[in-house]
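Remarks on the overall topology
One letter stands for each residue in the lines below.
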Amino acid sequence: MKKMIKLSQISRFKTINRVVYGYYPFQDNRAVVIPFPMAEHLEEFIKRRKEAKNEYFQLNVSGNEMDFRLPDKGKYRLYDFPEASFDKSDQESVLKSIHYYLLDFFGDSVDYQLSTNYYAHLIPKLPHLSVCVTFNLSVLHDMKSFEDFLSSTPVLKRIQMHVCGTKKRLSPESKLYQAEYIRTIQHDPHFPAVLRHFQGRQAFLSFAKCEDLELIEFVKRWKSGEAFQKLEYMKIKMTDNKPPRYEVLNAVGVKYTDKTKQPPTHTLAKVFITGDCKPYTDPIISHSYVVRESDNRVASVSIHRNELNFGVWNKTEDEFLKLMD
């Protein structure tokens, strides 16, 4: 049966690059989405199970007999396909069974993501499963518990957080800074200090204000090889100030490509597709660039109005300059 399904859907399956368990509100034809109730909605989910009118039928999923039913007509009916039904205590085992079934079906060629929040606490350790966490750091009272939660998670794929009016600090070794992709909205760049301690691939940071010296320090630390070794792309947006373009670029020691030639366009696939549904980062088309001392790697730098965009090329300076030929 699996072979028949794969053969009949071969062209569609080739476009699928991720399986997402949990909340995923984006229109993305490349994703297989398995909605799971968040912690705050679980009681409502159980109530619906008790009040269900349609009969249940059982299916074997990875050796686990699970109840399924067609959703009842009414305000909760958002779709026509069957839904799994389970007790609260079985939530983790259900996710485990579904994950192993899909892993057997798609293999390790797709990205498996669990999209949850800090309060859900459903973070099972499963093969090839990465975690996407959304939270508001301002309302967290016990930072140690939060750090323990991060430490206990498997691979952190994405962190999305909102921080306002807090002075809570995280350890420089916090696993939060190790996420592959991070998106923050925060008033102060020091709480948490993502701009200084980020160790992942892509970051989208929005600050109320960011001092010129902090932008300069970021670029200089990348140039020296002291930090950001895995960085591919960073966008820094400021709502209350605009950095002086030429002063910052001169301070970090940028180089310039031939002004008579069109500069190369830097863009790459996003680690995580957000609400804008754009699969690629915003293009950086800039004559200014910097070179990393340790390996001669190039990064394009652009400052426009209240944004700094920084894109790392997988090319040496000579290879980068040849792109314009």
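Residues numbered from 1 in each chain as written. Predicted model: local features only at pLDDT ≥ 70, side-chain atom pairs only at ≥ 80, totals over all residues. Heavy atoms only, no water.

The end-to-end C-alpha distance of helix α7 (residues 212-224) is 18 Å, a good match for the 18 Å that 13 residues give at a rise of 1.5 Å each. Where the residues of α7 are buried, they touch α6 (194-197), β11 (233-238), α8 (245-252), β15 (288-291), β16 (297-304) and β17 (307-316). Downstream of α7 by one or two residues, Gly-225 has phi in the positive range, about 85°. (Helix = DSSP H or I, 4+ residues; strand = E, 2+ residues; numbered from the N terminus. Expected span 1.5 Å × (residues − 1). Contact = heavy atoms within 4.5 Å.)

What follows covers the pairing of strand β1 (residues 18-22). Summarising burial for β1: 5 of the 5 residues are buried, a large majority. Relative to strand β6 (residues 111-117), β1 is paired through 5 bridges, and the arrangement is parallel. Looking at β6, one finds that Gly-22 is bridged to Ser-115. As defined by bridge partners, β1 adjoins strand β2 (residues 31-34) across 4 bridges and the pair is classed as parallel. (Buried < 20%, exposed > 50% of the residue type's maximum accessible area, 1.4 Å probe, protein only. Pairing = 2+ DSSP bridges.)

Bringing the environment of Leu-126 into the picture now. Along the chain, Leu-126 turns up in the loop between β6 and β7 (129-136). Among the residues examined, Leu-126 registers a relative accessible area of 10% and is labelled buried. Separated by 31 residues in the primary sequence, Leu-126 and Leu-95 place their C-alpha atoms 9.7 Å from one another. Residues contacting Leu-126, with those up to four places away along its chain left out, are Lys-96, His-99 and Tyr-100.

Take the nonpolar core next. Formed by 73 residues in total, the largest nonpolar core has its most connected members in Tyr-21, Phe-106, Phe-146, Leu-176, Phe-218, Met-234 and Phe-310. Examining the composition of this core, we find that 7 residues originate from one element, helix α4 (residues 91-106), more than from any other. When residues no more than four places from it in sequence are discounted, the contact partners of Phe-310 are Phe-218, Val-219, Trp-222, Leu-231, Glu-232, Tyr-233, Met-234, Ile-284, Val-290, Ala-299, Ser-300 and Val-301. The next biggest cluster of nonpolar side chains, apart from the first, holds 8 residues, and it includes Tyr-181, Tyr-233, Leu-268 and Phe-272. (Core = buried A, V, L, I, M, F, W, Y, C linked by side-chain atoms within 4.5 Å.)

Here we take up the sheet that holds β11. Pairing is mixed in the open sheet, where 12 strands are placed in the order β2-β1-β6-β7-β8-β9-β10-β11-β17-β16-β15-β12. Two strands close off the open sheet at either side, each with one partner strand: β2 and β12 (255-256). Relative to β15, β12 is paired through 2 bridges, and the arrangement is antiparallel. Looking across to β15, one finds that Lys-255 is bridged to Tyr-289. In the packing of α4 onto the sheet, contacts are made with β1, β2, β6 and β7, and the angle to β1 comes to roughly 170°. Most of the contacts of α8 go to β16, to which it runs at about 160°, and overall it touches β12, β15 and β16. (Axes fitted to C-alpha atoms, helices over the stretch in contact; angles between N-to-C directions.)

Throughout the structure, instances matching the rule amount to 12 aromatic pairs. Geometrically, the ring pair formed by Trp-222 and Phe-310 is edge-to-face, given 5.3 Å between the ring centres and 75° between the ring planes. Residue Trp-222 is found in helix α7, and its partner Phe-310 is found in strand β17; the two are separated by 88 residues along the sequence. When its relative accessible area of 0% is taken as the criterion, Trp-222 is described as buried. Assessed through its relative accessible area of 0%, Phe-310 is described here as buried. Here the aromatic residues Phe-218, Trp-222, Phe-228 and Phe-310 are joined through ring pairs into a cluster of three or more. (Phe/Tyr/Trp six-rings, centres within 6.5 Å; stacked < 30°, edge-to-face > 60°.)

Within the fold, Gln-202 resides in strand β10 (residues 202-207). A distance of 3.1 Å separates a polar atom in the side chain of Gln-202 from the backbone oxygen of Ala-269. Those residues in contact with Gln-202, other than ones at most four positions away along the chain, are Glu-180, Tyr-181, Ile-182, Glu-232, Tyr-233, Leu-268, Ala-269, Lys-270, Val-271 and Thr-281. (Polar contact = N/O pair within 3.5 Å; in protein donor to acceptor, adjacent residues only side chain to side chain.)

Strands sit in the order β3-β4-β5 across an open sheet of 3 strands; the sheet is antiparallel. Lying at the two open borders of the sheet, with one neighbouring strand each, are β3 (57-61) and β5 (83-85). Each adjacent strand pair in this sheet contributes to an overall mean axis angle of 50°, direction not counted. Looking at chain direction, β3 and strand β4 (residues 64-69) are connected through 5 bridges and run antiparallel.

So, on to the pairing of β4. Hairpin connection of β3 to β4: 2 residues between the antiparallel strands, including Ser-62 at a positive phi of 55°. Relative to β5, β4 runs antiparallel, the two being bridged by 3 bridges. The residue bridging Arg-69 from the neighbouring strand is Glu-83, located in β5.

Nonpolar side chains collect at one region of the surface, where Met-1, Met-4 and Ile-5 lie side by side and expose about 350 Å² of accessible area between them. Following the sequence through the fold, Met-4 ends up in helix α1 (residues 2-8). (Patch = residues over 30% accessible without salt bridge, like charges linked within 9 Å, V, L, I, M, F, W, Y side chains within 5 Å. Areas by Shrake-Rupley, 256 points an atom, 1.4 Å probe, with all protein chains shown as cover. Salt bridge = Lys/Arg side-chain N within 4 Å of Asp/Glu carboxyl O.)

A few words on the side chain of Ser-300. Summarising the element assignment, Ser-300 is placed in strand β16. Here Ser-300 falls in the buried class, since its relative accessible area comes to 0%. Beyond its immediate stretch of four places on either side in the chain, Ser-300 contacts Ile-284, Ser-288, Tyr-289, Asn-309, Phe-310, Gly-311, Trp-313 and Phe-320.

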